[in-house]
Amino acid sequence: MRDLLADNLKAARARRGASLSEVARLSGISKATLSQLESGTGNPTIETVFSLSRALEEPVSGLLEPPAHRGMTVIRAADVTPLAGEGVDLRPYGRIEGAGLICELYDQQVRAGARQESLGHVGTEHTVVQSGCLRVDVDGTRVELGVGDYLSFDASVPHAYSAPSGPVRSVLVINYRAAGRTPGDAPH
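This section reports on the structure supplied with the text.

Conventions we followed
Residues numbered from 1 in each chain as written. Predicted model: local features only at pLDDT ≥ 70, side-chain atom pairs only at ≥ 80, totals over all residues. Heavy atoms only, no water. Salt bridge = Lys/Arg side-chain N within 4 Å of Asp/Glu carboxyl O. Helix = DSSP H or I, 4+ residues; strand = E, 2+ residues; numbered from the N terminus. Buried < 20%, exposed > 50% of the residue type's maximum accessible area, 1.4 Å probe, protein only. Pairing = 2+ DSSP bridges.

**Remarks on the pattern of salt bridges**
And then number 1: One pass over the full model with this rule turns up 11 salt bridges.
And then number 2: Residue Glu-57 is joined to Arg-16 by a salt bridge in which the shortest nitrogen-to-oxygen separation is 3.5 Å. Of this pair, Glu-57 sits in the loop between helix H4 (46-56) and helix H5 (60-64) while Arg-16 sits in helix H1 (residues 2-16), and the two are 41 residues apart along the sequence.
And then number 3: Put simply, Asp-89 and Arg-111 hold a salt bridge, and the shortest N to O gap is 2.8 Å. Of this pair, Asp-89 sits in strand E2 (residues 88-98) while Arg-111 is found in the loop between strand E3 (101-110) and strand E4 (115-118), placing the two residues 22 residues apart along the sequence.
And then number 4: Residue class for Arg-111 comes out partly exposed when judged on its relative accessible area of 30%.
And then number 5: One network of salt bridges, in which partners are shared, links Arg-115, Glu-117, Asp-137 and Arg-142.

See the structure below:
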């Protein structure tokens with residue numbers, strides 16, 4: 001994943017015509033850390049990748065996935081390096097495009113007793129719990145989800161995932177408009 005992120009980060013920065021200094025300022029990530037990420041030697045976290053996505057106006061999947069190809073795609077869980085955050089490990093599995101929408105698909109694992117916060121980002125989040133009890137706080141409202149429960153919300157508001165009573169595994173889908181994006185309408 002480090003090499004993929006390095007290649008995709010360089011390409012996204014080049015498309016934007018941005019210097020390392022500009023991306024550092026926009027993302028709140030130091031220039032030294034960005035340099036390490038672009039050389040494939042950095043250790044990216046969820047927070048880092050989401051900040052880069054927001055700063056570069058690129059979907060998270062655009063920073064973490066190889067270029068698309070035709071045919072059948074098989075992704076083995078053991079082959080996907082999770083993107084670690086304060087309380088969540090995300091395994092990016094794919095990006096689905098169609099009907100003017102882009103959907104990013106993740107295996108989300110929330111560590112027991114941990115909490116992952118987000119200031120918000122463009123799009124809609126959809127979560128289906130596979131195991132455990134997931135607590136989700138969305139803009140001041142709290143809900144607890146059990147196995148098979150589904151939640152959808154506007155991801156532009158502050159939100160957080162936590163696992164108060166043991167580890168949680170869920171499927172996370174983030175969707176947003178593909179066509180007619182404006183600079184302020186970028187994912188994450």
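**Brief notes about the sheet that holds strand E8 (residues 150-154)**
Two pairing modes exist for strands in a sheet, parallel and antiparallel, and in both the strands are linked by backbone hydrogen bonds.
And then number 1: The sheet built from 6 strands is open, its strands ordered E1-E2-E3-E10-E5-E8 with antiparallel pairing. In the strand order of this sheet, the two ends are held by strand E1 (83-84) and E8, each with one partner.
And then number 2: Pairing analysis gives 10 bridges linking E3 to strand E10 (residues 168-177), with the strands arranged antiparallel. Its bridge partner being in E10, Gln-109 is matched across the sheet by Arg-169.

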